[in-house]
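Descriptive structure summary
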Amino acid sequence: MALSRHHHAAMRPLSVKEISAQASQFDFTPHVALQKWIRAAKMLLTEAAICEQEGNLQMAYLYLVRHAELVLDKFPLHPDYRDPLYKHELQEAKRHVRHNFERLDTWRPRLIEQYERFENSMERRRAESRRVEQEREASRSSTQSSSRRPSTFEDDFYDDHGQSLDAGDDSALAVDLAHREIRRRDATRQSTRQAGISPATVASRRRGTVELGTDRDGRDSGVREAGRHLQGDSRQGRDNLIPARRSAPSRTYDYPAVPAREETMDWRMPSLQPSSGRRTLDGPPPARPAKDQHNAFTPALPPKQFESYSRSGTATPSPPPPPTNDALRYTFKPSAYTEAGDPLRTVMLPPELRREFMNLADPNTRRNLETCGILCGTLISNALFINHLIIPDQKSTSDTCDTTEEGDTALFDYCDSRDLLVCGWIHTHPTQSCFLSSRDLHTSSGYQIMLPEAISIVCAPRHNPDFGIFRLTAPPGLPAVLNCHQQGLFHPHAETDLYTDALRPGHVAEGPGLRFEVIDLRKN
């Protein structure tokens, strides 16, 4: 299973033991550069933060446990683990693990309660089924079967976990929902900035990082304890990963509690589309409210909102609405599956993004130089919405395009500070046709390690077709490329069918009107 595989958001509640067992189900190969695995670990933290914001603590818990196992169990198996080049990033990853175990301790009682509610609900349903069957047996002569009692909210809670939609078929609703949720998050982020907290600090807190010292011998305090959680006691077994609460931590950070999902929420909410009906004015007008005797001043106007640079093909966005989380009302079901049968979340792509990228790449294209950009987005209701096109600092030839080391650092720093997921890449073939070269395959495999839905867009303006949206097959493409040891810049692969189209009927759908930002990080 892919490292960042996102199980269906509406799956049944799991026990802590089941969550931990699923968290261990991912593929790791030491043949992939350690730097890519470190970035993949950071992506797990980003997905956990987004799931926490959406109230999906079960998936947030799974991602944090998976992150801990990757850092503490898998990283030491990599041949570059002791390379001084990665010492700082590995220490930072271990600090994430240490502090995230405190969050797991906080979430665990709520997950246990959720699982017990589900089990009790299922037991009531089984008891009701037995009762109905007994009544049928007792009244065989009757042609009418016994009526089932009306189901309670607890019975239907997990069957109707938000309205299930297809993001591709309901693209207008999906785009509208994405805009609402992104504006809500932006409003929250702006309020945080006005409180004097930097985006980097917010991202660090969400991931559980607090800058603390290390032990005198240079090792991070608490890492051994986290390792014991992963290794497990001999009596408990490997699959029983349950974080233990520490009695007296010396220095901790109190994370704000995540509000529980309302137990009386109406899961069958109407569409987000505005109603066209008019309110009638029959009957007498309402009574005038009494004048407030205590309101002796007029509240101050809110600060003016400044709009960021965006591209859409539509009007500039309106100011953020009140921060209500409409994303909780809907769930977008998987739209496609890998060759192994694993579900793929829908990726919504702005149709105008490709044209905007080609305009930016035009100076290089005229000189027969490749250009690349990074597709970044966010997770909303189990669908991925690409809302950023980032052009990193890069070096180009007629056949290759590589980001510089500084460009890589700036790119991922930007994504980390804004909780963005790297959803793939886009690049030009100024002289070649539309396909994935062997070098492109290796580049794409790195993105699919971080996110199984990651895509590769190729733009070939001098050929027909002039663009393609691809993903590596899984299998055979992804494992074959990850285990390839050939050194040449361009080299053939013995396997066939290494990649496939990702545009519908694949998992990628275009979302007309989906707004996105262009961030150009190139130095010249």
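Everything discussed here concerns the structure shown above.
The text that follows walks through the structure, step by step, so that each part is easy to find. (Residues numbered from 1 in each chain as written. Predicted model: local features only at pLDDT ≥ 70, side-chain atom pairs only at ≥ 80, totals over all residues. Heavy atoms only, no water.)

1. A closer look at the packing of helix 2 (residues 34–53) against helix 3 (residues 57–74)
The following threshold applies: Note on method: axes are straight lines fitted to C-alpha atoms, helices fitted across the in-contact stretch only, with angles between N-to-C directions ranging 0 to 180 degrees. Elements are defined by DSSP. Helices are runs of H or I of four residues or more, strands are runs of E of two residues or more, and each kind is numbered from the N terminus. For classification, angles of less than 35 degrees are called roughly parallel, those exceeding 145 degrees roughly antiparallel, those between 65 and 115 degrees roughly perpendicular, and all remaining angles oblique. When the near helix sits turned anticlockwise from the far one by under a right angle, the crossing is termed left-handed; a clockwise turn instead gives a right-handed crossing. Whether two residues are in contact is decided by their heavy atoms: any pair within 4.5 Å suffices. Residue type decides the class: Asp, Glu, Lys and Arg count as charged, Ala, Val, Leu, Ile, Met, Phe, Trp, Tyr, Cys and Pro as nonpolar, and the leftover types, Gly among them, as polar.
The interhelical angle for the contact between helix 2 and helix 3, taken along N-to-C directions, is 160°, at an axis separation of 8 Å. When the axes of helix 2 and helix 3 are compared, the pair comes out roughly antiparallel. Here helix 2 runs over helix 3; the crossing is left-handed. Of the residues in helix 3, those touching helix 2 at Trp37, Ala41, Leu44, Leu45, Glu47, Ala48, Cys51 and Glu52 are Leu57, Met59, Ala60, Tyr63, Leu64, Arg66, His67 and Leu70. Among the residues forming the contact of helix 2 with helix 3, the class breakdown is 12 nonpolar, one polar and three charged.

2. Considerations on unusual backbone geometry
Residue Asn464 is joined to Pro465 through a cis peptide bond whose omega torsion reads 5°. When you line up the elements, Pro465 lands in the loop between strand 11 (455–459) and strand 12 (467–472). In this chain, Ala474 is followed by Pro475 through a cis amide linkage whose omega measures -10°. With respect to the helices, strands and loops of the structure, Pro475 is situated in the loop between strand 12 and helix 12 (477–482). Its identity as a non-glycine residue notwithstanding, Ser381 has a phi of 55°, on the positive side. The phi dihedral of Asn382 is positive, around 70°, even though this residue is not glycine. Topologically, Asn382 is positioned in the loop between strand 6 (372–380) and strand 7 (383–391).

3. A word on the environment of Pro512
Along the chain, the position of Pro512 falls in the loop between strand 14 (508–510) and strand 15 (517–520). Placed 340 residues apart in sequence, Pro512 and Ala172 show a C-alpha to C-alpha distance of 7.4 Å. Sequence-distant contacts of Pro512, defined by excluding residues within four places in its chain, comprise Ser171, Val175 and Pro351.

4. Remarks on the pairing of strand 6
Using the following cut-off: A 1.4 Å probe rolled over the protein chains alone gives each residue an accessible area, and that area as a share of the maximum for its type sets the label: buried under 20%, exposed over 50%, partly exposed in between. Pairing between strands is defined by DSSP: at least two bridges between them are needed.
Where burial is concerned, most of strand 6 is hidden: nine out of the nine residues are buried. Both strand 6 and strand 10 (residues 421–428) contribute to a ladder of six bridges, which runs antiparallel. The partner of Leu375 across the bridge, within strand 10, is Gly424. The pairing of strand 6 with strand 7 spans seven bridges and is classified as antiparallel. Bridge pairing links Thr378 to Phe385 in strand 7.

5. Describing the packing of aromatic side chains
This is how it is decided: Aromatic pairs are defined between Phe, Tyr and Trp rings, using the six-membered ring for Trp, whenever the two ring centres lie within 6.5 Å; interplanar angles under 30 degrees are classed as stacked, those over 60 as edge-to-face, and all others as tilted. A positively charged side chain is recorded as over a ring if its NZ (Lys) or CZ (Arg) lies within 6 Å of the ring centre. The angle to the ring normal must also be within 35 degrees.
The final tally for this structure, using the stated rule, is four aromatic pairs. Here the aromatic rings of Phe28 and Trp37 are separated by 4.7 Å at their centres, their planes lie at 35°, and the arrangement is tilted. Under the relative-accessibility criterion, Phe28 is labelled buried at 18%. A cation sits over an aromatic face here: Lys74 above Phe26, 6.0 Å from the ring centre. Above the ring of Phe467, the side-chain terminus of Arg354 is found at 3.5 Å from the ring centroid.

6. Details of the packing of helix 2 against helix 11 (residues 438–450)
Viewed as axis vectors pointing N to C, helix 2 and helix 11 meet at an angle of 35°, and their least axial separation amounts to 8 Å. Where helix 2 approaches helix 11, its residues Lys36, Trp37, Arg39, Ala40 and Met43 are matched on the opposing element by His442, Gly446, Ile449 and Met450. Class assignment for the residues of the contact of helix 2 with helix 11 results in five nonpolar, two polar and two charged.

7. Thoughts on the nonpolar core
Note the following rule: Take the buried residues of types Ala, Val, Leu, Ile, Met, Phe, Trp, Tyr and Cys, join any two whose side-chain atoms come within 4.5 Å, and each joined set is a nonpolar core.
Formed by 94 residues in total, the largest nonpolar core has its most connected members in Phe75 and Val422. Not counting chain neighbours up to four residues away, the residues in contact with Phe75 comprise Leu34, Trp37, Ile38, Ala41, Leu70, Tyr81 and Leu90. By size, the runner-up hydrophobic cluster in this structure holds 16 residues, among which are Ala167, Leu177, Phe332 and Ile380.

8. Focus on the pattern of salt bridges
We apply this condition: Between Lys or Arg on one side and Asp or Glu on the other, a salt bridge is scored when a side-chain nitrogen of the former is within 4 Å of a carboxyl oxygen of the latter.
One pass over the full model with this rule turns up 24 salt bridges. A salt bridge links Arg126 to Glu123; the shortest N-O distance between them is 3.1 Å. Taken together, the positions of Arg126 and Glu123, both in helix 4 (residues 87–138) and three residues apart, correspond to about one turn of that helix. Assessed through its relative accessible area of 36%, Glu123 is described here as partly exposed. Among the ionic pairs, Glu181 bridges to Arg185, the shortest N-O distance being 2.9 Å. Of the two residues, Glu181 and Arg185 are both situated in helix 6 (residues 171–194); the distance of four residues between them amounts to about one turn of the helix.

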